[in-house]
Amino acid sequence: VSTMNAKSSSAGEGEASGMRNETLGESGCLGEAKRRRVIRVAYVIAALDLTFLFMQMGVVPYLAKSLGLDSVGFGYLQTIFGVLQLVGGYIFGRFADQFGARAALILSCASGSIFFLLMSLSTNIPLLFLSRLPGVFMHGIPGAQKVITDMTTPSQRAGALGKLGFCFGVGIISGSAVGGVLSTKFGVYAPTYVGLLGSLINTLIAVVWIPSQTKPKSDHHVTEHSDLFSIGEILRLMKFPGVMQVFIVKVFAGLPIGLFMIMFSIISMDFFGLEAVESGYLMSYFGVLQMVVQGLVVGKLAGRCSEMTLLRLSVFVFAGVGLGMALMRTVWHYCVIAVPLVFAFSMLATITDSILTKAVPSSDTGAMLGICASVQPLTRTVGPTIGGVLYKQFGVSSFGYLQLMVNLGLFVYLLKSKIPLEEMKSQ
């Protein structure tokens, strides 16, 4: 009887496996060629989204000044946007889990359209503040990450997510350049008109080219956790093996350099003595580095080394970057330091996102990506206060020493602790 039961069980498993394989062929995975095409479309949407975002970032200070907003008011404007992004990141991720990556991308692109529409109508300060509200759902990168996560196997994920950094480089370079040209030749509102049109096109691309189902049918199930925002849900995800430890590393490893980047506009003027045009060149240099590192380095290393090895490497390089920042005196020093800085930043972001999405059930990858996406808005929210105190009281070198100490501590922690990295199966 036990032999018959074993055979029956084996046959059942074989049939189930066959059904799963058939499902994969019929589902959002669609086949290798179509999967690659959908992933490429996600890259295009992300690159365009970032381009439009950087276009407006360059003109907002001038628009705010023309409307009579002082530096303190501009700080409030930036803080509001950071808080909205912080709160909206997790809500957006939960929305993606419940309604699919396609719906989430459409929501992000449509919110971008409303954002640029309100900006184009901002002829006074209240309307300018009102234009920040759609930012709560503007999460093009997490939306693209959700598509890529659904459409790739765990072994492919780190490399595929890494290529999004290439899109980030494209967005920095093209957005900054195009925004500057448009505002100079056609006025401060010109980039917002282009952003509005572009966001509408991006929405159409998401509607037409992203399939309604981007993960295998076998991965879909009705979740009992229907609330779009719940502290309990966040805590539940943090209880999966290794998630809390890796997330803590993700937050604190990049925090000191995040504070430095928030203060960079002031540092570039006061410490490096750069003009606006020279600062623009420096941002373009960062964009090129980002493209090269993400496009040529991160993906290849992800395919050859274990994720824990790369996590330790990124933290160790960050510590070295901190030492370099503590000793730098000129902008040329900073240009040299930027190479390992971009490598560590890109590697840390890619590897932690890959580890964390594989550590939770497939039904929660959107929420996990939303939590990860909230790290930068959190830094932007608290950064101006903390960064301002550090810069005023201790100077530029304080960012470097903080970076060195924090990452040396994290590196020792990663060497001594055995973080349980367990890949969750589809649930």
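Positions within a chain are numbered from 1, following the residues in the order the chain's sequence is written. Restriction of local features to residues with pLDDT of at least 70 applies here, the model being predicted, together with a cutoff of 80 or more for giving and counting side-chain atom pairs; totals for whole chains, interfaces and linings are based on all residues. Side-chain measures were taken over the full set of non-hydrogen atoms in the model, leaving aside hydrogen atoms and water.

K.L.:
Explain helix α6 (residues 140-151) to me, using residue names and the numbers behind them.
P.N.:
The helix count covers DSSP runs of H or I at least four residues long, the strand count covers runs of E at least two residues long, and both are numbered beginning at the N terminus. Between the first and last residue of a helix there are one fewer steps than residues, each counted as 1.5 Å, and that sum is the expected span. With twelve residues, α6 extends 17 Å from end C-alpha to end C-alpha; this agrees with the ideal 16 Å at 1.5 Å per step. For the exposure calls, accessible area comes from a 1.4 Å probe over protein chains only, and a residue counts as buried if that area is under 20% of its type's maximum, exposed if over 50%, partly exposed in between. Here α6 lies mainly inside the structure; eleven of its twelve residues are buried. Residues Gly140, Pro142, Gly143, Ala144, Gln145, Lys146, Val147, Ile148, Thr149, Asp150 and Met151 constitute the buried set of α6.

K.L.:
Mind laying out the packing of helix α18 (residues 375-394) against helix α19 (residues 397-416), listing which residues take part and the relevant values?
P.N.:
Note on method: axes are straight lines fitted to C-alpha atoms, helices fitted across the in-contact stretch only, with angles between N-to-C directions ranging 0 to 180 degrees. Direction vectors running N to C along α18 and α19 enclose 115°, while the axes themselves pass 8 Å from each other. Touching Gly387, Leu390, Tyr391 and Phe394 of α18 are Ser397, Ser398, Phe399 and Leu402, all from α19. Here a residue-residue contact requires only that any non-hydrogen atoms of the pair lie within 4.5 Å.

K.L.:
With reference to specific residues and values, describe the nonpolar core.
P.N.:
As used here, the term nonpolar core means buried Ala, Val, Leu, Ile, Met, Phe, Trp, Tyr and Cys residues forming a set that is joined through side-chain atoms within 4.5 Å. If you look at the biggest cluster of nonpolar residues, it comprises 64 residues, and the most contacted ones within it are Phe260, Tyr334 and Phe399. Here this core gets 15 residues from one element, more than from any other, and that element is helix α16 (residues 331-359). Formed by 22 residues, the second largest nonpolar core is a distinct cluster that contains Val38, Ala42, Cys109 and Ile205.

K.L.:
Got a sec to walk through the pattern of salt bridges? Specific residues and values, please.
P.N.:
Once the charged atoms of two side chains with opposite charge are near each other, the side chains can pair. By salt bridge we mean one thing: a side-chain nitrogen of Lys or Arg within 4 Å of a carboxyl oxygen of Asp or Glu. Counted under the stated rule, the structure contains ten salt bridges. Salt-bridge contacts for arginine 35 lead to glutamate 32; the nearest nitrogen and oxygen are separated by 2.2 Å. Pair noted here: arginine 35 and glutamate 32 are both in helix α2 (residues 32-66), with a separation of three residues, about one helical turn. For arginine 35, a relative accessible area of 14% translates into the label buried. Here arginine 94 makes a salt bridge to aspartate 364, at a shortest N to O gap of 3.8 Å. Separated by 270 residues along the polypeptide, arginine 94 in helix α3 (residues 71-99) and aspartate 364 in the loop between α16 and α17 (365-373) bring together distant segments of the chain. For the pair arginine 94 and aspartate 364, a shared accessibility class is recorded, and that class is buried.

K.L.:
Describe the packing of helix α4 (residues 101-120) against helix α9 (residues 190-209), naming the residues involved and giving the relevant values.
P.N.:
Helix-helix packing is characterised by the crossing angle of the two axes and by the distance between the axes. Their axes nearest at 8 Å, the elements α4 and α9 cross at an angle of 165°. Between α4 and α9, the crossing angle belongs to the class labelled roughly antiparallel. Crossing hand, α4 versus α9: left-handed. In contact with Arg102, Leu105, Ile106, Cys109, Ala110, Gly112, Ser113, Phe116, Leu117, Met119 and Ser120 of α4, α9 contributes Thr192, Tyr193, Gly195, Leu196, Ser199, Leu200, Asn202, Thr203, Ala206 and Val207. Split by residue class, the contact of α4 with α9 holds twelve nonpolar, eight polar and one charged. Orientation is classified from the angle alone, with under 35 degrees giving roughly parallel, over 145 giving roughly antiparallel, 65 to 115 giving roughly perpendicular, and any other angle giving oblique. Working rule for handedness: look at the near helix, and if it is turned counterclockwise from the far one by less than a right angle, call the crossing left-handed; if clockwise, right-handed. Gly falls in the polar group here, along with every residue not listed as nonpolar (Ala, Val, Leu, Ile, Met, Phe, Trp, Tyr, Cys, Pro) or charged (Asp, Glu, Lys, Arg).

K.L.:
An account of the side chain of aspartate 49 is needed here, citing residue identities and associated values.
P.N.:
Counting through the fold element by element, aspartate 49 comes out in helix α2. With relative accessibility at 17%, the residue aspartate 49 sits in the buried group. In this structure, aspartate 49 is in contact with Ser108, Gly140 and Asn202, ignoring residues within four places of it in sequence.

K.L.:
An account of a nonpolar patch on the surface is needed here, citing residue identities and associated values.
P.N.:
Patches draw on residues past 30% relative accessible area with no salt bridge. Two like charges within 9 Å are joined, as are two nonpolar side chains (Val, Leu, Ile, Met, Phe, Trp, Tyr) within 5 Å. Throughout, the Shrake-Rupley method with a 1.4 Å probe supplies accessible areas, and for residues the shown protein chains are the sole cover considered. Judged by side-chain polarity, Leu204, Val207, Val208 and Trp209 come together as a nonpolar surface patch covering roughly 390 Å² of accessible area. Along the chain, valine 207 turns up in helix α9.

K.L.:
Account for the environment of valine 331, naming residues and giving values.
P.N.:
Tracing the chain through its elements places valine 331 in helix α16. Valine 331 gets classed as buried once you look at its relative accessible area, which sits at 17%. Taking C-alpha positions, valine 331 is 5.7 Å from phenylalanine 272, a pair spaced 59 residues apart along the chain. Every residue in contact with valine 331, bar those within four places of it in the chain, is listed here: Phe272, Leu274 and Leu282.

K.L.:
Help me get a handle on the confidence of the model for the protein, residues and values and all.
P.N.:
For the protein, the mean per-residue pLDDT works out to 84, and 87% of the residues sit at or above 70. On a range of 0 to 100, pLDDT expresses the predictor's confidence in each residue. In this model, residues 1-29 is a region of pLDDT below 50 whose contacts with residues beyond four sequence positions or in other chains number 20 contacts. Segment residues 220-224 is flagged for pLDDT under 50; beyond a separation of four residues in sequence, or across chains, it makes four contacts in the model.

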